[in-house]
Amino acid sequence: MLALTGRPDLAAATGRISPGELAEALWGSQPPFVLDVLAPREHSQGAIAASVNIPLNHLRERIAKVPRAHRIVVHCAGGMQAWLALQQPARA
């Protein structure tokens, strides 16, 4: 991590938020962009109303649809797909 000192362009902070914290943030003055990385079938079974569904296997080709100027919350059913989405290289 010390190698990244002075290079914020190479690292980004990530963390977890609870469903309650997300609900509160969605009602706030600057709501986050909610990226749902579930497969279409999973997404159709129940999704966060304000979310944008880009299945994990299409994220790399559709990454331009994710706004960089917003706080981004990545959502999936159990956390693994969201974690994998965070491993995708950011667009330039």
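Look a little higher up for the structure.
What this report covers is the structure whose coordinates are included nearby. (Residues numbered from 1 in each chain as written. Predicted model: local features only at pLDDT ≥ 70, side-chain atom pairs only at ≥ 80, totals over all residues. Heavy atoms only, no water.)

1. With respect to the nonpolar core
Moving on, step 1. F33, L35, V37, L38, I54, L56, L59, V66, C76, A82 and A85 form the largest nonpolar core, which has 11 residues in total.
Moving on, step 2. Counting residues per element, the ones that place at least two in this core are β1 (33–36) and α4 (80–86).
Moving on, step 3. In this view, F33 contacts V52, K65, V66, P67, H70, R71, I72 and V73; residues no more than four positions away in its chain are not counted. (Core = buried A, V, L, I, M, F, W, Y, C linked by side-chain atoms within 4.5 Å. Buried < 20%, exposed > 50% of the residue type's maximum accessible area, 1.4 Å probe, protein only. Helix = DSSP H or I, 4+ residues; strand = E, 2+ residues; numbered from the N terminus. Contact = heavy atoms within 4.5 Å.)

2. So, the sheet that holds strand β2 (residues 51–53)
Moving on, step 1. Read across the sheet, three strands follow the order β2-β1-β3 without closing on themselves; strand pairing throughout is parallel. Unpaired on one side and paired on the other, β2 and β3 (72–75) mark the two borders of the sheet. Shown here is a sheet whose adjacent strand axes are inclined to one another by a mean of 30°, direction ignored.
Moving on, step 2. In the sheet, β1 pairs with β2 via three bridges, with the strands oriented parallel. Residue pairing in the sheet places L35 in a bridge with V52 of β2. (Pairing = 2+ DSSP bridges. Axes fitted to C-alpha atoms, helices over the stretch in contact; angles between N-to-C directions.)

3. Quick word on the side chain of S51
Moving on, step 1. Summarising the element assignment, S51 is placed in strand β2.
Moving on, step 2. Owing to a relative accessible area of 14%, S51 belongs among the buried residues under this scheme.
Moving on, step 3. Looking at S51, its side chain comes within polar contact range of the main-chain oxygen of I48, at 2.6 Å.
Moving on, step 4. With sequence-adjacent residues up to four places away left out, S51 is seen in contact with V34, D36 and H43. (Polar contact = N/O pair within 3.5 Å; in protein donor to acceptor, adjacent residues only side chain to side chain.)

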